[in-house]
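Each chain, written out:
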Amino acid sequence: MGVSREPLVPGGVLAIDAGNSKTDVALVAADGTVLGAARGGGFQPPVVGVGAAVDALARIVERAAADAGLRRDADGSDSADTGTPLVEHTSACLANADLPVEEQQLEAAVHGRGWARSTRVANDTFAILRAGVDAPRGVAVVCGAGINCVGMLPDGRTARFPAIGKISGDWGGGSGLAEEALFHAARAEDGRGGPTALAATLPAHFGLPSMYALIEALHLETIPAARKYELTPVLFATSDAGDAVARSILDQQADEIVALATVALARLDLLDEEADVVLGGGVMAARNPYLMDALTERLTARAPKARPHVVTAPPVLGAALLGLDHLAAPPQSHAALRAHYA
């Protein structure tokens, strides 16, 4: 498909934030006005393949274009059929774009749709970072189902980690916290470990009388494995009640977050400078007091000028801001875009 014609939105950005569970798309004008938006399901190329994943993404883009009144040209034909790009630039921040080779593969697939004259694909953690900083400078640690960290500078330098699980040295997020809580609770009940209230609070969440019953239910899948994520709030509540083992698990999570952040800061020569450390994902959004205090104390000890804060803006804002950055849009365009999502 050719993309030589003037875009339907000159100087505009197609912003895509595609996570494992949901995808947000926004069409943004050069002045920062959001013209159209749509939400759809998760983006999982490892499960369905790159082609099918981008096909699903295309349907959400079509809905966003329709919301902006751009789905069809004046003659009634689809704009995609005429080779006319929607916008100047596509900024796509995608889950499962963990390695540079994956970013390149996904970028080629997305650009091939002809939505824009230029395309940039990045890991979705970059959207969270950009949403949480006033300029493209700082570090983000995302602690959701898993854990990831990225950093960026205005000159284009980045810091990142593979973040694909234990084989790349990762621990934490909702999955890691739940599994660690189950580990200690099981050992407390059978005597291999020290006592912890988790042995009672975890099975009680599912209406079960013991850890043995919970282990059996998870093993036989009468409780789906995906429901293990429900145990993270139980871990938080048990910690809030003063349980030492629960708190030790949160201490471990704080250590992991700080290790990622300080390494990224050091790679970007920001360790001794004032810099934002953006905290995102469901575990961070919970703002558990013990975890937040522990990570702030540890981060301050290793990076005294770091400014940790939990991001509240939606990641699609970050994807759109990265697009405006790419097009060297003026500050007022960035301000207008942020105002839309405030």
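Heads up: the structure comes first, above all this text.
As a starting point, this report considers the structure included with it. (Residues numbered from 1 in each chain as written. Predicted model: local features only at pLDDT ≥ 70, side-chain atom pairs only at ≥ 80, totals over all residues. Heavy atoms only, no water.)

## Describing the pairing of strand S9 (residues 275-280)
Operational definition: The classification of residues rests on relative accessible area computed with a 1.4 Å probe and restricted to protein chains. Under 20% of the type maximum is buried, over 50% is exposed, and intermediate values are partly exposed. Only DSSP runs of H or I covering at least 4 residues are called helices, and only runs of E covering at least 2 are called strands; the numbering of each starts at the N terminus. For two strands to be treated as a pair, DSSP must find no fewer than two bridges joining them.
When you tally the buried positions in S9, you get 6 out of 6 residues, the bulk of the element. Here S9 shows two buried faces, one formed by Ala275, Val277 and Leu279 and the other by Asp276, Val278 and Gly280. Relative to S9, strand S6 (residues 138-143) is paired through 4 bridges, and the arrangement is parallel. Along S9, the bridge assignment pairs Ala140 with Val278.

## A look at the packing of helix H8 (residues 231-240) against helix H9 (residues 244-267)
The criterion, for reference: For helices, the fitted axis covers only the stretch in contact; all axes are lines through C-alpha atoms, and the angles between them, taken along N-to-C directions, range from 0 to 180 degrees. Convention used here: angles under 35 degrees read as roughly parallel, angles over 145 as roughly antiparallel, angles from 65 to 115 as roughly perpendicular, and any remaining angle as oblique. Here is the rule for handedness: rotate from the far helix to the near one, and if that takes an anticlockwise turn smaller than a right angle the crossing is left-handed, while a clockwise turn gives right-handed. Contacts between residues were defined by any pair of non-hydrogen atoms, one from each residue, lying within 4.5 Å. Residues were grouped as follows: Ala, Val, Leu, Ile, Met, Phe, Trp, Tyr, Cys and Pro as nonpolar; Asp, Glu, Lys and Arg as charged; and all remaining residues, including Gly, as polar.
Between H8 and H9, the shortest axis-to-axis distance is 7 Å and the interhelical angle comes to 120°. It follows that H8 is oblique to H9 by the angle criterion. For the pair H8 and H9, the crossing hand works out as left-handed. Here Leu235, Phe236, Thr238, Ser239 and Asp240 of H8 come into contact with H9, specifically with Ala246, Arg247, Ile249 and Leu250. Split by residue class, the contact of H8 with H9 holds 5 nonpolar, 2 polar and 2 charged.

## A look at the pattern of salt bridges
Rules: The working definition used for a salt bridge is a side-chain nitrogen of Lys or Arg within 4 Å of a carboxyl oxygen of Asp or Glu.
Enumeration over the complete set of coordinates arrives at 19 salt bridges. Among the salt bridges present, the one from Asp24 reaches Arg39, with a minimum N-O distance of 2.8 Å. Taken together, the positions of Asp24 in strand S2 (residues 22-28) and Arg39 in strand S3 (residues 34-41) put the pair 15 residues apart, joining distant regions of the chain. On the accessibility criterion, Asp24 (10% relative accessible area) is buried. On the basis of relative accessible area, Arg39 is assigned to the partly exposed category, the value being 49%.

## Some thoughts on the pairing of S2
Taken across its 7 residues, S2 has 6 buried, putting it largely inside the fold. Relative to S2, strand S1 (residues 9-18) runs antiparallel, the two being bridged by 6 bridges. Counterpart to Ile16 in the pairing with S2 is Val25. Here S1 folds back onto S2, and the loop between the two strands holds 3 residues.

## Considering unusual backbone geometry
Even without a glycine there, the phi angle at Ala163 is positive, about 55°. Looking at the element boundaries, Ala163 is found in the loop between strand S8 (158-160) and helix H5 (173-190). Residue Ala163 is classed as buried on the basis of its relative accessible area of 16%. A positive phi angle, near 55°, is found at Ala328, a position not held by glycine. Within the secondary structure layout, Ala328 lies in the loop between helix H12 (315-326) and helix H13 (331-341).

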